[in-house]
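Residue-level structural notes
Spelled out from the first residue to the last, the chains are:
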Amino acid sequence: MGNLGQIITFLSAGIAMGVGAIGAGIGEGHTGGKAVQVSARQPGVQDKIMKSMLIGQAIIESSSIYALIVAILLIFSSPEQTTSIVKPAAILSAGICMGFGALGTGLGKGYTASKGVEGIGRSPHNEPIIFRTMLIGQAVAESTSIYALVISLLLIYTI
Amino acid sequence: MHEVGSIDTTSFNIAGLDITFNHHTLIMTWIVIFVILIAFFLLKRKINKIPGRGQALLELIIDSFDGLVKESIGENHRKYLPFILTIFIFVLISNWIGIVPIIEEPTKDLNTPMGLGILVLFVTVYSGIRYNGFFGFIKEFFEPVWFLFPINIVGEIGKFLSLIFRLFGNIFGGSVIIWVAFTMFLKSWWTSWILLFLGPAVYGFFGLFIGAIQAFVFAILSMTYISITKN
């Protein structure tokens, strides 16, 4: 029972990072694949497609960066030896919360970025408008994983 | 090891009130302000009809943001341009200054993004009331039916909460990752040479690239929120 806190902390870190990486991975792969397809069709605007792809992928990655923060904080936080079950439960809950919170936004932002890249390939002269709309859409889609980050930081530090 | 992400604070006790200053963040913020002042003073020193290098850079920044703000905000966009541009440049230099040793990013502390976010919230509410009237601004919260009022309020607060925590989370995460990489590889002499290649890469990606993108996203989202309530 003495080691329960440590076991739960490491389990929680694994869940947070492992599940949190799924969404961002799928999203970034989807965006990259769409960029390859579009630049095969329109090789002349490959630099514009590359720019939108890279910046879109950087924003997709931020939800898995949140999962990484939570996992690192869990690994390097020293769990106290408590007999209470509340603190380990809160730690496990923080990992699950961040992992699944990052999963959905990764998929959603990947969808947005791939559509943005496709749109730029279809009408390259409208690139500034499409790019800005893509950024705003991704930022709004990201807000749910930010709520997950806030809740898991609260669970780690306040309970 | 549990000191990850802690911030130095100084506490005073004046007349029974506990006042806490995050002195590290304050000093770094003043350093950022002086860096911006000196850099832009040097850049704008020689204004000619035929622009030199510094003037061309300034004109490039101002002109591109002028186009963005004009498309989004519409009438009176010149009144909002200095605000948006100031936020962008302050956040950009704050994120970039972390690559200098010893100096840390002011945006790593939650209070700096929180202050900027509250500033944007005030400007948003002010421009909503100024351009639509008080009742026109309040009426937006009762759309489409009146009992959705609490949900609209929560959604409005959530917008600004996500604006604040996006900047904080990315910069804080970057600094935590840099700290972990350096403490892991500096443990013994035969792994520390990896930092010769890994260190600049980590600083370049998390300091320069993510910092620039997050500064741009912060400025663009503030502009969009202002334009939603204004129009």
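The structure displayed is predicted, hence computed values, not measured ones.

Taking 1.5 Å as the rise per residue, helix α2 (residues 46-76) of chain A with 31 residues should run 45 Å; its terminal C-alpha atoms sit 43 Å apart, in good agreement. For α2(A), the buried fraction is high: 22 of the 31 residues fall into the buried class.

Now for the pattern of salt bridges. This model, assessed by the stated rule, comprises 10 salt bridges over all chains. The partner of A:Arg132 in a salt bridge is B:Glu71, with the nearest N and O atoms 3.0 Å apart. With one member in each of two chains, A:Arg132 in helix α4 (residues 127-157) and B:Glu71 in helix α2 (residues 53-73) form a pair that bridges those chains. Under the relative-accessibility criterion, B:Glu71 is labelled exposed at 53%. Among the salt bridges present, the one from B:Arg78 reaches B:Asp66, with a minimum N-O distance of 3.0 Å. With B:Arg78 in helix α3 (residues 77-96) and B:Asp66 in helix α2, the pair connects residues that are 12 residues apart, well separated along the chain. When its relative accessible area of 55% is taken as the criterion, B:Arg78 is described as exposed. Several salt bridges share partner residues, and in doing so they unite A:Lys34, A:Lys115, A:Glu118 and A:Arg122 into one network.

Each full turn of the α-helix corresponds to 3.6 residues, which orients residues three or four apart in the same direction. Helix length check: α3(B), at 20 residues, gives a terminal C-alpha distance of 28 Å against a target of 28 Å (1.5 Å per residue), a fit within 8%. Of all the 20 residues making up α3(B), 15 are buried; the element is thus mostly covered by neighbouring parts of the structure.

Turning our attention to the interface of chain B and chain A. With 30 residues of chain B in contact, the opposing surface of chain A contributes 29 residues. Taking both sides of the interface into account, the surface hidden between chain B and chain A amounts to around 2400 Å²; carbon and sulfur atoms contribute 79%. Joining chain B to chain A, the criterion identifies two salt bridges. Taken together, the links from chain B to chain A amount to five residue pairs in polar contact (both at pLDDT 80 or more). Those elements that place two or more of their residues in the side of chain B that touches chain A are α2, α6 (149-185) and α8 (195-230) of chain B. Broken down by element, the residue count for the side of chain B that touches chain A peaks at 15 residues, all from α6(B). In the side of chain B that touches chain A, the residues fall into 20 nonpolar, seven polar and three charged.

So, about the side chain of A:Ser114. Residue and element names in this part refer to chain A. Residue position: Ser114 is located in helix α3 (residues 86-122). Exposure remark for Ser114: the relative accessible area of 1% places this residue in the buried category. Setting aside anything within four residues of it in sequence, one finds Ser114 in contact with His30, Thr31 and Lys34.

Conventions and cut-offs
Along each chain, residue indices are assigned from 1 in the same order as the chain's sequence is written. As a convention, the first chain written is A and the first ligand written is 1, with the rest following in written order. For this predicted model, a pLDDT threshold of at least 70 governs which residues receive local features, and a threshold of 80 or more governs which side-chain atom pairs are given and counted, while totals over whole chains, interfaces and linings are taken from all residues. Excluding hydrogens and water, the side-chain figures rest on all heavy atoms present in the structure. Runs of H or I in DSSP of at least four residues are treated as helices and runs of E of at least two as strands, each being numbered from the N terminus. What a helix should span is 1.5 Å times the count of its residues minus one. Partly exposed residues are those whose accessible area sits between 20% and 50% of the maximum for their type, while under 20% is buried and over 50% is exposed, using a 1.4 Å probe and protein chains only. What makes a salt bridge here is a side-chain nitrogen of Lys or Arg within 4 Å of a carboxyl oxygen of Asp or Glu, nothing more. The contact criterion used is simple: two residues touch if any of their non-hydrogen atoms lie within 4.5 Å. Buried area counts how much accessible surface, traced with a 1.4 Å probe, disappears from two parts once they are put together, with both parts' losses summed. Counting of polar contacts relies on pairs of N or O atoms within 3.5 Å, with two restrictions inside protein: one atom must be capable of donating a hydrogen and the other of accepting it, and residues adjacent in sequence are counted only when both atoms are side-chain atoms. Each residue gets one label: Ala, Val, Leu, Ile, Met, Phe, Trp, Tyr, Cys and Pro are nonpolar, Asp, Glu, Lys and Arg are charged, and the others, such as Gly, are polar.

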